[in-house]
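A structural walkthrough
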Amino acid sequence: MTLFIARCIWREDGSYSGPESLPDAWSLLDEEFYSREEAETAANEDRLQTMQQRGGWMGVHRIGLRRLEHRFFEADDFDAALTIARRQLSPDEVLLTGADDND
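Presented here is a report on the structure given in the accompanying data block.

Conventions we followed
Residues numbered from 1 in each chain as written. Predicted model: local features only at pLDDT ≥ 70, side-chain atom pairs only at ≥ 80, totals over all residues. Heavy atoms only, no water. Salt bridge = Lys/Arg side-chain N within 4 Å of Asp/Glu carboxyl O. Helix = DSSP H or I, 4+ residues; strand = E, 2+ residues; numbered from the N terminus. Buried < 20%, exposed > 50% of the residue type's maximum accessible area, 1.4 Å probe, protein only. Polar contact = N/O pair within 3.5 Å; in protein donor to acceptor, adjacent residues only side chain to side chain. Pairing = 2+ DSSP bridges. Axes fitted to C-alpha atoms, helices over the stretch in contact; angles between N-to-C directions. Contact = heavy atoms within 4.5 Å. Patch = residues over 30% accessible without salt bridge, like charges linked within 9 Å, V, L, I, M, F, W, Y side chains within 5 Å. Areas by Shrake-Rupley, 256 points an atom, 1.4 Å probe, with all protein chains shown as cover. Lys, Arg positive; Asp, Glu negative; His and termini not counted. Charge placed at Lys NZ, Arg CZ, Asp CG, Glu CD. Phe/Tyr/Trp six-rings, centres within 6.5 Å; stacked < 30°, edge-to-face > 60°.

Examining the pattern of salt bridges
Opposite charge on two side chains makes pairing possible when the charged atoms of those side chains draw close. Counted by the stated rule, this structure contains two salt bridges. Of the charged contacts, one joins Glu-40 and Arg-36 as a salt bridge, the two residues approaching to 3.0 Å between their closest N and O atoms. Residue Glu-40 and its partner Arg-36 are located together in helix α1 (residues 36–53), separated by four residues, close to a single helical turn. Judged by its relative accessible area of 34%, Glu-40 is partly exposed.

Looking at the side chain of Ser-90
Among the structural elements, Ser-90 can be located in the loop between α3 (78–89) and α4 (92–97). Residue classification places Ser-90 among the buried positions, given a relative accessible area of 9%. Of note is the side chain of Ser-90, whose polar atom sits 3.1 Å from the backbone oxygen of Arg-86.

A look at the pairing of strand β1 (residues 2–9)
The element β1 is extensively covered by neighbouring structure, given that six of its eight residues are classed as buried. Pairing between β1 and strand β3 (residues 68–75): eight bridges, direction antiparallel. When the sheet's bridge partners are listed, Cys-8 is paired in β3 with Glu-69. Two elements, β1 and strand β2 (residues 25–28), share four bridges in a ladder whose sense is antiparallel. Paired with Arg-7 across the strands is Ser-27, a residue of β2.

Quick word on the sheet that holds β3
With antiparallel pairing, the three strands of this open sheet are ordered in space as β2-β1-β3. The open sheet has two edge strands, β2 and β3, and neither has a second partner. Taken over all neighbouring pairs, the strand axes of this sheet differ in orientation by 25° on average, direction set aside. Where α1 meets the sheet, it contacts β1 and β3, and its direction lies at approximately 150° from that of β3.

Quick word on a negative patch on the surface
Together, Asp-30, Glu-31, Glu-32, Glu-38, Glu-45, Asp-76, Asp-77 and Asp-79 give the surface a local cluster of negative charge. Looking at the secondary structure, you find Asp-79 in helix α3.

What about the packing of aromatic side chains?
Here the distance between the centres and the angle between the planes together describe a pair of aromatic rings. Taken as a whole and assessed by the stated rule, the structure comprises one aromatic pair. Taken together, a centroid distance of 6.2 Å and an interplanar angle of 70° make the contact between Phe-4 and Phe-78 edge-to-face. A residue pair is termed long-range when its members are at least 10 positions apart, and Phe-4 in strand β1 and Phe-78 in helix α3 qualify at 74 residues.

Put into structure tokens, the structure is as follows:
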């Protein structure tokens, strides 16, 4: 099965309470990976690029205050991975008012 990566970000106000806490924002990266090692390498590269975009060494400081993690999802295709990510990363209120995933 194919692996997809979700970039998960928590605000600086301490909303991160542990590995199961829901991120304040997330996005599913539009890339496919075929091994866990390949996905982890891509996640590390994404983290470095994010820090560089935030201003070099100051970005390293800020990224510590604004928590960034990557979660991996196995799915047949991007749409299936997006459905799984929505189910696992979105608050219940969003799921209750969003589109029906039972199709």
